[in-house]
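# Close look at the chain arrangement
Each chain, written out:
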Amino acid sequence: TALEMILLETNQQGKKECLSKRTALLLAQNDIDVQNIYAQMKLVYRYRSESLHEGDGGNITAQELHDMEDVVRKVLKHYLILCKNELQHNSSITWNEIKANEITRLKSAVQAKISSGVLS
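Quantities reported herein were computed from a predicted structural model and do not represent experimental measurements.

## Concerning the packing of helix H4 (residues 62–89) against helix H5 (residues 95–115)
Orientation of H4 relative to H5, taken along the N-to-C sense of each, is 115 degrees, at an axis distance of 11 Å. For the element pair H4 and H5, the recorded crossing hand is right-handed. In contact with His78, Tyr79, Leu82, Cys83 and Glu86 of H4, H5 contributes Trp95, Ile98, Glu102, Arg105 and Leu106. Residue composition of the contact of H4 with H5, grouped by class: six nonpolar, one polar and three charged.

In C-alpha coordinates, the structure reads:
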(Lines give C-alpha, C1' and ligand atoms only; values in the text may rest on other atoms or scores of the structure.)
Protein backbone atom coordinates (compact mmCIF):
# COMPACT_ATOMS: atom_id res chain seq x y z
CA THR A 1 0.00 0.00 0.00
CA ALA A 2 2.87 2.39 0.79
CA LEU A 3 4.37 1.72 -2.64
CA GLU A 4 1.03 2.37 -4.31
CA MET A 5 0.85 5.77 -2.61
CA ILE A 6 4.34 6.70 -3.77
CA LEU A 7 4.64 5.13 -7.22
CA LEU A 8 1.12 5.28 -8.66
CA GLU A 9 -1.14 8.06 -9.77
CA THR A 10 -4.64 8.44 -8.36
CA ASN A 11 -7.03 5.88 -9.90
CA GLN A 12 -4.12 4.18 -11.68
CA GLN A 13 -5.22 1.40 -14.01
CA GLY A 14 -3.17 -1.82 -14.07
CA LYS A 15 -1.78 -1.26 -10.59
CA LYS A 16 0.13 -4.53 -10.31
CA GLU A 17 1.92 -4.06 -13.64
CA CYS A 18 2.71 -0.39 -13.12
CA LEU A 19 3.88 -0.88 -9.56
CA SER A 20 6.02 -3.89 -10.45
CA LYS A 21 7.67 -2.19 -13.41
CA ARG A 22 8.29 1.13 -11.68
CA THR A 23 9.70 -0.53 -8.58
CA ALA A 24 12.01 -2.64 -10.74
CA LEU A 25 13.28 0.41 -12.61
CA LEU A 26 13.74 2.36 -9.41
CA LEU A 27 15.78 -0.30 -7.60
CA ALA A 28 17.54 -2.33 -10.30
CA GLN A 29 21.22 -2.03 -11.10
CA ASN A 30 21.02 -3.86 -14.46
CA ASP A 31 18.58 -5.55 -16.83
CA ILE A 32 18.70 -8.89 -14.99
CA ASP A 33 17.80 -7.06 -11.77
CA VAL A 34 14.94 -5.33 -13.59
CA GLN A 35 13.48 -8.67 -14.65
CA ASN A 36 13.98 -10.29 -11.24
CA ILE A 37 12.52 -7.41 -9.22
CA TYR A 38 9.62 -7.15 -11.67
CA ALA A 39 8.79 -10.85 -11.25
CA GLN A 40 9.19 -10.65 -7.46
CA MET A 41 6.91 -7.63 -7.24
CA LYS A 42 4.18 -9.22 -9.34
CA LEU A 43 4.20 -12.29 -7.12
CA VAL A 44 4.22 -10.36 -3.86
CA TYR A 45 1.51 -7.98 -5.10
CA ARG A 46 -0.72 -10.98 -5.74
CA TYR A 47 -0.15 -12.12 -2.15
CA ARG A 48 -0.90 -8.60 -0.91
CA SER A 49 -4.16 -8.53 -2.86
CA GLU A 50 -5.20 -11.95 -1.56
CA SER A 51 -4.41 -10.89 1.98
CA LEU A 52 -6.20 -7.55 1.76
CA HIS A 53 -9.24 -8.51 -0.29
CA GLU A 54 -9.75 -12.15 0.69
CA GLY A 55 -8.33 -12.18 4.21
CA ASP A 56 -5.85 -14.90 3.24
CA GLY A 57 -2.33 -14.01 4.33
CA GLY A 58 -1.10 -17.60 4.37
CA ASN A 59 0.46 -17.69 0.92
CA ILE A 60 3.42 -15.43 1.67
CA THR A 61 6.42 -16.84 3.48
CA ALA A 62 8.29 -15.05 6.23
CA GLN A 63 11.24 -14.58 3.85
CA GLU A 64 9.03 -13.08 1.13
CA LEU A 65 7.51 -10.72 3.66
CA HIS A 66 10.99 -9.69 4.82
CA ASP A 67 12.07 -9.19 1.19
CA MET A 68 9.02 -7.00 0.54
CA GLU A 69 9.70 -4.92 3.63
CA ASP A 70 13.24 -4.42 2.32
CA VAL A 71 11.88 -3.25 -1.05
CA VAL A 72 9.61 -0.74 0.68
CA ARG A 73 12.52 0.57 2.77
CA LYS A 74 14.67 1.01 -0.35
CA VAL A 75 11.93 2.88 -2.21
CA LEU A 76 11.26 5.13 0.78
CA LYS A 77 14.98 5.85 1.10
CA HIS A 78 15.15 6.73 -2.60
CA TYR A 79 12.29 9.19 -2.19
CA LEU A 80 13.76 10.76 0.94
CA ILE A 81 17.01 11.40 -0.93
CA LEU A 82 15.08 12.63 -3.97
CA CYS A 83 13.05 15.06 -1.84
CA LYS A 84 16.18 16.37 -0.14
CA ASN A 85 17.90 16.96 -3.49
CA GLU A 86 14.85 18.55 -5.09
CA LEU A 87 14.32 20.88 -2.12
CA GLN A 88 17.95 22.00 -2.29
CA HIS A 89 17.39 23.09 -5.90
CA ASN A 90 13.88 24.47 -5.45
CA SER A 91 12.72 25.18 -1.90
CA SER A 92 9.14 25.78 -3.03
CA ILE A 93 8.64 22.45 -4.78
CA THR A 94 5.81 20.36 -3.37
CA TRP A 95 5.50 16.65 -2.68
CA ASN A 96 2.92 16.36 -5.47
CA GLU A 97 5.35 17.90 -7.95
CA ILE A 98 8.21 15.65 -6.85
CA LYS A 99 5.99 12.59 -7.06
CA ALA A 100 4.61 13.54 -10.48
CA ASN A 101 8.10 14.24 -11.84
CA GLU A 102 9.41 10.92 -10.59
CA ILE A 103 6.43 9.00 -11.98
CA THR A 104 7.00 10.67 -15.36
CA ARG A 105 10.67 9.71 -15.23
CA LEU A 106 9.81 6.13 -14.30
CA LYS A 107 7.21 5.87 -17.07
CA SER A 108 9.85 6.86 -19.61
CA ALA A 109 12.34 4.38 -18.16
CA VAL A 110 9.74 1.60 -18.25
CA GLN A 111 8.89 2.41 -21.86
CA ALA A 112 12.58 2.28 -22.79
CA LYS A 113 12.93 -1.16 -21.16
CA ILE A 114 9.84 -2.38 -23.00
CA SER A 115 11.23 -1.06 -26.30
CA SER A 116 14.55 -2.78 -25.68
CA GLY A 117 12.86 -6.10 -24.86
CA VAL A 118 13.84 -6.20 -21.17
CA LEU A 119 10.19 -5.89 -20.08
CA SER A 120 7.03 -6.85 -21.89
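## Digging into the side chain of Gln12
Take Gln12: it is sitting in the loop between helix H1 (2–7) and helix H2 (15–27). Looking at Gln12, the relative accessible area reads 14%, which means it is buried. Aside from chain neighbours lying at most four places away, what touches Gln12 is Cys18 and Arg22.

## Quick word on H4
Between its terminal C-alpha atoms H4 stretches 41 Å, which fits the 40 Å expected from 28 residues at 1.5 Å a residue. Taken together, the buried positions of H4 are occupied by Met68, Val71, Val75, Tyr79, Leu82 and Cys83.

## A word on the nonpolar core
Grouped burial of nonpolar side chains is what soluble globular proteins tend to show. Judged by nonpolar contacts, the single largest core of 29 residues is most densely connected at Leu3, Leu7, Val75 and Tyr79. Contributions of two or more residues to this core are made by H1, H2, helix H3 (31–54), H4 and H5. Setting aside chain neighbours within four positions, we find Leu7 in contact with Leu19, Arg22, Thr23, Leu26, Val75, Tyr79, Ile103 and Leu106.

Calculation criteria
Residues numbered from 1 in each chain as written. Predicted model: local features only at pLDDT ≥ 70, side-chain atom pairs only at ≥ 80, totals over all residues. Heavy atoms only, no water. Axes fitted to C-alpha atoms, helices over the stretch in contact; angles between N-to-C directions. Helix = DSSP H or I, 4+ residues; strand = E, 2+ residues; numbered from the N terminus. Left-handed = near helix turned anticlockwise from the far one by under 90°. Contact = heavy atoms within 4.5 Å. Nonpolar A, V, L, I, M, F, W, Y, C, P; charged D, E, K, R; others polar. Buried < 20%, exposed > 50% of the residue type's maximum accessible area, 1.4 Å probe, protein only. Expected span 1.5 Å × (residues − 1). Core = buried A, V, L, I, M, F, W, Y, C linked by side-chain atoms within 4.5 Å.

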